[in-house]
Amino acid sequence: MKAFVIDSYKSKEGMVLRDVATPKVGDGDVLVEIHATSANLLDAKIRDGVFKPALKYKLPLILGNDLAGVVKAVGSRVTRFKVGDEVYARPDKDRIGTFAEYIAVAEADLALKPKSLTMEEAASVPLVALTAWQVLVERAHLKAGQTAFIQAGSGGVGTIAIQLAKHLGAKVVTTTGTSNVGWVKDLGADRVIDYRTERFETLVSGVDVFLDTQEGKEADKALSVIKPGGKLIGISGPLDARFAEDNDLGLLMKVVGFLMSFNLRRKAKARGVTYDFVFMRAQGEQLGRITDLIDAGAIRPVVDRVFPFEQTPEALAHVEGGRAKGKVVIKVK
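Describing the sheet that holds strand E1 (residues 2-6)
Consideration 1: With antiparallel pairing, the three strands of this open sheet are ordered in space as E2-E1-E4. Of all the strands in the sheet, the pair left with one neighbour each is strand E2 (16-19) and strand E4 (61-62).
Consideration 2: When E1 meets E2, the two strands line up antiparallel, connected through four bridges. Bridge assignment links Lys2 to a residue of E2, and that residue is Asp19.

Notes on the environment of Gly250
Consideration 1: Positionally, Gly250 belongs in helix H9 (residues 250-260).
Consideration 2: A sequence separation of 196 residues divides Gly250 from Ala54, and the C-alpha atoms of the two residues are 9.6 Å apart.

Concerning the packing of helix H3 (residues 126-139) against helix H11 (residues 284-295)
Consideration 1: Running from amino to carboxyl end, H3 crosses H11 at an angle of 100°, the nearest separation of the two axes being 10 Å. Considering their axes alone, H3 and H11 lie roughly perpendicular with respect to each other. Counted together, Pro126, Ala129, Leu130, Trp133, Gln134 and Glu138 of H3 and Gln286, Leu287, Arg289, Ile290 and Leu293 of H11 form the full contact between these two elements.
Consideration 2: Considered class by class, the residues forming the contact of H3 with H11 number seven nonpolar, two polar and two charged.

Overview of unusual backbone geometry
Consideration 1: The omega torsion across Leu59 and Pro60 is 0°, close enough to zero to call that bond cis.
Consideration 2: Following the sequence through the fold, Pro60 ends up in the loop between helix H1 (41-47) and E4.
Consideration 3: Phi is positive for His141, close to 55°, though the residue is something other than glycine.
Consideration 4: Relative to the assigned elements, His141 resides in the loop between H3 and strand E9 (147-150).
Consideration 5: Of note in the backbone geometry, Ala152 takes a positive phi value of approximately 55° without being a glycine.
Consideration 6: Along the chain, Ala152 falls in the loop between E9 and helix H4 (156-167).
Consideration 7: Residue Ala152 is classed as partly exposed on the basis of its relative accessible area of 28%.

The rules behind the values
- Residues numbered from 1 in each chain as written.
- Predicted model: local features only at pLDDT ≥ 70, side-chain atom pairs only at ≥ 80, totals over all residues.
- Heavy atoms only, no water.
- Pairing = 2+ DSSP bridges.
- Helix = DSSP H or I, 4+ residues; strand = E, 2+ residues; numbered from the N terminus.
- Axes fitted to C-alpha atoms, helices over the stretch in contact; angles between N-to-C directions.
- Parallel < 35°, antiparallel > 145°, perpendicular 65-115°, else oblique.
- Contact = heavy atoms within 4.5 Å.
- Nonpolar A, V, L, I, M, F, W, Y, C, P; charged D, E, K, R; others polar.
- Buried < 20%, exposed > 50% of the residue type's maximum accessible area, 1.4 Å probe, protein only.

So, in structure tokens, the structure goes:
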């Protein structure tokens, strides 16, 4: 099969298209012919070795963290899927590789593709939707009547998180650039702040859950708008000890995570606020619940642009440019 591979971190060549062996199918695996995938900043960070201390990948490595496709084979213990099923997934962090024609995915990580979506639309969903779910539902326990602040509402996570928070009955505040204010409001946001002309810390207060997508760069401002008992949850850093513990990374990484987030957690505690870092995980059951919301019309994906498979490096570069509205998708088949 053809796949985009990196031979080393921060390689000058970047991703290289080459022929590699089709993955073997374990007893609990499903072999999926990939029809579409999507590019994420996570792929760029993995390529550049940002997560090298925590994610022990064997090189050469196929990047890619989203997929939509068709089941081509199933392992002997697989019971939920059959050949011909249309599926989608975010593979487990230790088994990424969707910038390819095929991938073997654990049965537990898969869900049936929403019937209302094309393959390209479905491929835009798993990573960002699971991130939003695991932040707002699983970690924050967001409830009707509460206020959720979603940073970067026009981004991949933001577009889904806004809709999910509204489905949960929350009031939603978000930030975006001037040209995106109108269509982000159409996603359901109650208050859209133009970060180019407005300062959210002077306009907002009483936030219950603050979803930080900016690596903690505006954490002090975020803490100033969260009410006591509220939660600040980061998805791009700083890491915390819980992340290391949940991912069995050992004592050293636990200490590193503790130190990286120490100042932020100390400031949060002084305000009666908690800080958590969420590194989303593959979860087919949760993705199945997201499928139901999509087919019911509660959530709709936002696709910025679709690239052909041969232009996968260009697709990732487009994401890194920071101007994509929603997700950048790659059509494989």
